Amino acid sequence: EMEFVQAQFADVDKNREVIGPNKLHTTLKKFNGDPKLELGQGFVGVYHREDIDPSSIKLALESPMMQTWINRMKSSTSTIATDLEIQSVEFEEGSQQTIKFIKIHARCYTKPDYIKWKNSDRSDQSTQELARNSIPGLAFLRGPSASVLIVIKGEEEDFTVLTVEPCFAVVKNSFLQLPTGRIDETGDFVGKAATELRSTLNLELRELDMVNLTQLAFGNNFPGVFPSAGGCDEHIILYLYQMRDASEQLESWRAKLSGELHKDQFMALKIVPLKELWRVSPDSKSLSAFAIYQRLKLSGILS
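As the structure is a prediction and not an experimental result, all values here were calculated from the model. (Residues numbered from 1 in each chain as written. Predicted model: local features only at pLDDT ≥ 70, side-chain atom pairs only at ≥ 80, totals over all residues. Heavy atoms only, no water.)

Regarding the packing of helix α3 (residues 111-118) against helix α4 (residues 124-132)
Packed helices, taken two at a time, are described by their axes: the angle between them and the distance between them. At a minimum axis separation of 10 Å, α3 and α4 run at an interaxial angle of 170°. Between α3 and α4, the angle is such that the two are roughly antiparallel. Two secondary-structure elements touch here, α3 through D113, Y114, K116 and W117 and α4 through S126, T127, E129 and L130. Its residues assigned to classes, the contact of α3 with α4 shows 3 nonpolar, 2 polar and 3 charged. (Axes fitted to C-alpha atoms, helices over the stretch in contact; angles between N-to-C directions. Helix = DSSP H or I, 4+ residues; strand = E, 2+ residues; numbered from the N terminus. Parallel < 35°, antiparallel > 145°, perpendicular 65-115°, else oblique. Contact = heavy atoms within 4.5 Å. Nonpolar A, V, L, I, M, F, W, Y, C, P; charged D, E, K, R; others polar.)

What about the pairing of strand β11 (residues 158-167)?
Burial analysis of β11 places 8 of its 10 residues in the buried class, which makes it a mostly covered element. The pairing of strand β10 (residues 145-153) with β11 spans 3 bridges and is classified as antiparallel. Across the sheet, the residue bridging to I152 is F159, located in β11. Following β10, the chain reverses through 4 residues before pairing antiparallel with β11. Taken together, the 6 bridges between β11 and strand β17 (residues 268-273) define a ladder with antiparallel strand orientation. Looking at the pairing, F159 lines up with P273 of β17. Pairing between β11 and strand β12 (residues 172-177): 4 bridges, direction antiparallel. Its bridge partner being in β12, V164 is matched across the sheet by L176. (Buried < 20%, exposed > 50% of the residue type's maximum accessible area, 1.4 Å probe, protein only. Pairing = 2+ DSSP bridges.)

Some words on the packing of helix α1 (residues 54-62) against helix α2 (residues 64-75)
The contact between α1 and α2 brings their axes to 5 Å, and the two run at 60°. Put simply, α1 runs oblique to α2. Here A60, L61 and E62 of α1 lie close against α2, whose contacting residues are P64, M66, Q67 and I70. Broken down by class, the residue content of the contact of α1 with α2 amounts to 5 nonpolar, 1 polar and 1 charged.

This is the structure:
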């Protein structure tokens, strides 16, 4: 049964309480510091649990991933969010400044529904009707990442490099996926996969040396591929790196890089035939990059 709690809209009379199904936690504190949160229809209230330090809320509101989400909300022509709750802020291990994830919960409505309610008598009936038409407002913010489809040109067929690593969320000890990390401020591909590629293949990847597959596919319409847009903001920029002069090392690499994880090892590399990528990895990044790569080649955009 849907649980209803009392809360306040930011743009409703202060003494007027409304009821909605997108419930917030019952013990919340309002964040009264800076920065204030403006989502395109005026300032909205920001709330958090009592056990979350206000300094973490401030860092969360100022973080790049939150600012990206806020800008998307401001530019939206169809969605309105109110009464934002920051449910958790997760930091990088050993840091209290670098944010890894933010979990938020907001009251979300389509603009036509919200405007209809705003122009109504705002009775309990119209307010409950608005609540019933609310949009799921739970989101997990983690920002963008980057993955690289490495294509090694062989004499008879092409190959690609995958990382093999344990993935707790899907309870797999050896999950094959595209090398993933991020592009830093200098244009370098960095992260654990980048470190493994450098130490094993002596391969250092820079953005200037790679082809942005998502840019070629989508232009400026989308910043990347969204693997789980129903609950997460993450978009992944898919790159292509082609190795055309590595055929001599290919056989030794294939023998060496079997994907086996040894004791105390949390990542390994595996070389597989490119044409088999769609069969050996259920990873959405791998499948998306392979599909875009194939279509760009068929269309003559890539050689």
